[in-house]
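# Remarks on the overall topology
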Amino acid sequence: EQTRVRREMLAAYRNAVKDSTRNTLRLKSWLCGQGVHLRKGQSLTSKSTKQKLLENPRWDYGQRLLIETYLEKIEQANVARKRLNQYMAIEVSNDPAMMKLLRLYGVRTINAFAISAIVGDISRFRTPKQLVAYVGLQPKVTQSGNTKRTSVTIGFGRRDLRAFILQSAHAILRMGPDTHPVAKWGRQKARQKGWNVAAVAVARKLVLAIWYLMRGFYTN
């Protein structure tokens with residue numbers, strides 16, 4: 001029951017993020033079509049921006065109503081997002097198992113909540129490879145003659161969990177100190193294979209670390 005509720009709350013959070021992003025992009029696109037361009041970094045949620053948009057004398061009643069509708073949808077989505085974010089932060093702080101996930105570099109509150117909610121009972125994955133396959137980051141080996149190539153097939157497994165894991169992997173590559181072995185290894189692979197390939201490889205290592213940590217075998 002706890003896992004089911006957490007998954008529903010996580011789905012509600014992701015929907016709120018999508019609603020906010022979708023309506024923001026739609027309003028920006030509409031404004032662009034009207035010849036109104038926002039400055040780089042200018043937020044539609046700021047009071048000054050909203051006031052300037054709505055007080056523009058060029059809009060007729062219908063256009064102003066459309067802008068108000070989009071702004072209200074964005075505000076509603078952001079309020080829901082903030083409340084759900086607070087809920088997840090409380091859940092993580094009150095759950096020792098989720099708190100342990102924060103020991104992993106690149107894993108923050110939302111990621112820890114998502115991992116715990118989607119994975120559920122870690123004992124159902126007898127080996128770390130099973131968890132890697134569940135996420136959808138298992139390596140695919142193809143062999144032609146004497147040539148063997150390893151790649152990752154993305155398209156199977158839990159897409160939602162994979163998105164959070166990859167988010168953490170990108171954070172490790174971008175901000176991980178050179179003293180962090182996975183960050184150092186990932187950057188070296190990025191120079192050899194490219195950033196996206198390196199991010200997937202780091203994500204796979206992170207999933208392995210998650211399995212060991214959730215099973216109580218993580219000693220670092």
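Everything below is about the structure shown above.
Here is a short report on the structure shown in this document. The residue count restarts for each chain, going from 1 along the sequence in the order it is written. A pLDDT threshold of at least 70 governs which residues receive local features in this predicted model, and a stricter bar of 80 or more applies before side-chain atom pairs are shown or counted, although totals over entire chains, interfaces and linings include all residues. Processing note: side-chain calculations cover all non-hydrogen atoms of the structure and skip hydrogens and water entirely.

Aromatic rings in a pair are described by how distant their centres are and how their planes are angled relative to each other. Here a pair means two rings of Phe, Tyr or Trp (six-membered ring of Trp) with centres within 6.5 Å. Their orientation is stacked below 30 degrees between planes, edge-to-face above 60, and tilted elsewhere. This structure, assessed with the given rule, holds 5 aromatic pairs. Judged by centre distance (6.0 Å) and plane angle (75°), the ring pair of Tyr87 and Phe113 falls under edge-to-face. Of this pair, Tyr87 sits in helix α3 (residues 61-94) while Phe113 sits in helix α5 (residues 109-119), and the two are 26 residues apart along the sequence. A relative accessible area of 25% places Tyr87 in the partly exposed class. Relative to Tyr212, the ring of Trp211 has its centre 5.0 Å away and its plane inclined at 90°; by these criteria the two rings are edge-to-face. Residue Trp211 is classed as buried on the basis of its relative accessible area of 5%. What links up through ring pairs into an aromatic cluster is the set Trp211, Tyr212 and Phe217. Throughout this description, the term charge over a ring refers to an Arg CZ or Lys NZ atom that lies within 6 Å of the ring centre and within 35 degrees of the ring normal. Positioned over the ring face of Trp185 is Lys205, at 4.6 Å from the centre of the ring. Every helix listed is a DSSP run of H or I at least four residues long, and every strand listed is a run of E at least two residues long, numbered separately from the N terminus. Burial classes follow relative accessibility: with a 1.4 Å probe on protein chains only, a residue under 20% of its type's maximum area counts as buried, one over 50% as exposed, and anything between as partly exposed.

It is worth spelling out the pattern of salt bridges at this point. We count a salt bridge whenever a side-chain nitrogen from Lys or Arg sits within 4 Å of a carboxyl oxygen from Asp or Glu. Tallying each qualifying case throughout the model produces 7 salt bridges. Among the salt bridges present, the one from Arg22 reaches Asp19, with a minimum N-O distance of 2.3 Å. Separated by 3 residues within a single helix, Arg22 and Asp19 lie in helix α1 (residues 2-33), roughly one turn from each other. Taking the relative accessible area as the measure of exposure, Arg22 reaches 36% and is therefore partly exposed.

Purely geometric stuff here, so don't read any function into it on its own.
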